[in-house]
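A closer look at the structure
Spelled out, the chains give:
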Amino acid sequence: MADTKYVVRGAQVKCNKGSSSTNLNLPKSHGVYINDKPVLNDSDRAAGTNVMPFGRCKILKGPCSPSLASKWDKTKLNTLIKGQPALMSNSVLSCTIGGAIKIESDGQ
């Protein structure tokens, strides 16, 4: 996909089973920046640190408490940031409860 971009701190994400979007966070930079914003990698998938709750969960019928998969899908395997594949605007992270988290805006 020609318009696939690297994902940076502040990117907006949405779970298809959640009621609202949220922003990705990166408490400590990996040392690679685009437009003065740190780029995220596959290791940036911790609930409550990188990925915040998505409002109400349609599966649990209550507050969203994401239970995240062990890796993002569709990362850039040939571009490593601090030893991990770079996160891309088409990357997807599964929630083990049943949702799929997609990038709505890459944050650039």
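What comes next is a walk through the structure. (Residues numbered from 1 in each chain as written. Predicted model: local features only at pLDDT ≥ 70, side-chain atom pairs only at ≥ 80, totals over all residues. Heavy atoms only, no water.)

1. Comments concerning the overall build of the chain
Under the convention used in this document: Strands are runs of DSSP state E lasting at least 2 residues, helices are runs of H or I lasting at least 4, and numbering of each runs from the N terminus. We compute the radius of gyration over the C-alpha atoms and compare it with the globule rule, which gives 2.2 Å times the number of residues raised to the power 0.38. The classification of residues rests on relative accessible area computed with a 1.4 Å probe and restricted to protein chains. Under 20% of the type maximum is buried, over 50% is exposed, and intermediate values are partly exposed.
Helices and strands together make up the secondary structure of the chain, namely 0 helices and 10 strands. The N-to-C order of helical and strand elements in the chain reads β-β-β-β-β-β-β-β-β-β. Relative to the 2.2 N^0.38 estimate, which gives 13 Å for 108 residues, the radius of gyration of the chain is 13 Å and therefore close to what a compact globule would have. Viewed in the frame of its principal axes, the chain has a C-alpha envelope of about 40 × 25 × 25 Å. Expressed as a percentage of the 108 residues in the chain, the buried residues total 39%.

2. Description of the side chain of Asp42
In plain terms, the rule: Counted charges follow a simple rule, with Lys and Arg positive, Asp and Glu negative, and His plus the chain ends left uncounted. Whenever Lys or Arg places a side-chain nitrogen within 4 Å of a carboxyl oxygen from Asp or Glu, that contact is recorded as a salt bridge. Think of a polar contact as two N or O atoms within 3.5 Å of one another; within protein, one of them needs to be a possible hydrogen donor and the other a possible acceptor, and neighboring residues in sequence only count if both atoms come from side chains. When checking whether two residues touch, look at their non-hydrogen atoms; a contact exists if any pair is within 4.5 Å.
Inspection of the secondary structure assignment puts Asp42 in the loop between strand E4 (37-38) and strand E5 (56-57). Comment: no salt bridge for buried Asp42; closest opposite-charge side chain is Arg45, at 4.3 Å. In this structure the side chain of Asp42 is engaged in a polar contact, spanning 2.7 Å, whose partner is the backbone nitrogen of Trp72. Other than its neighbours up to four places away in sequence, Asp42 contacts Lys71, Trp72, Thr75, Gln84 and Pro85.

3. A few points about the sheet that holds strand E2 (residues 21-23)
Sheets are built from strands that pair by backbone hydrogen bonding, the pairs being arranged parallel or antiparallel. Note the threshold: A pair of strands is treated as paired once DSSP finds two or more bridges between them. Every axis corresponds to a line fitted to the C-alpha atoms, with the helix fit spanning only the stretch in contact, and the corresponding angles, defined between N-to-C directions, vary from 0 to 180 degrees.
In space, the 4 strands of this open sheet follow the order E2-E1-E10-E9, with antiparallel pairing throughout. In this open sheet, the two edge strands, each paired with only one partner strand, are E2 and strand E9 (92-94). Between one strand and the next, the sheet's axes are offset by a mean angle of 35 degrees, whatever the strand orientation. Bridge count between strand E1 (residues 12-15) and strand E10 (residues 100-105): 4 bridges; the pairing is antiparallel. Across the sheet, Val13 pairs through a bridge with Ile103, a residue of E10.

4. Things to note about the environment of Gly31
Within the element layout of this structure, Gly31 appears in the loop between E2 and strand E3 (33-34). In sequence terms Gly31 and Ser20 are 11 residues apart; their C-alpha atoms lie 30 Å from each other.

5. Focus: unusual backbone geometry
Phi at Asp36 is positive, roughly 65 degrees, even though this residue is not glycine. Tracing the sequence through the fold places Asp36 in the loop between E3 and E4. Phi at Lys61 takes a positive value of approximately 60 degrees, unusual for a residue other than glycine. Assessed through its relative accessible area of 65%, Lys61 is described here as exposed.

6. Remarks on the side chain of Asp44
Within the secondary structure layout, Asp44 lies in the loop between E4 and E5. The charged side chain of Asp44 is buried without a salt bridge, its nearest counter-charge being Arg45 at 7.3 Å.

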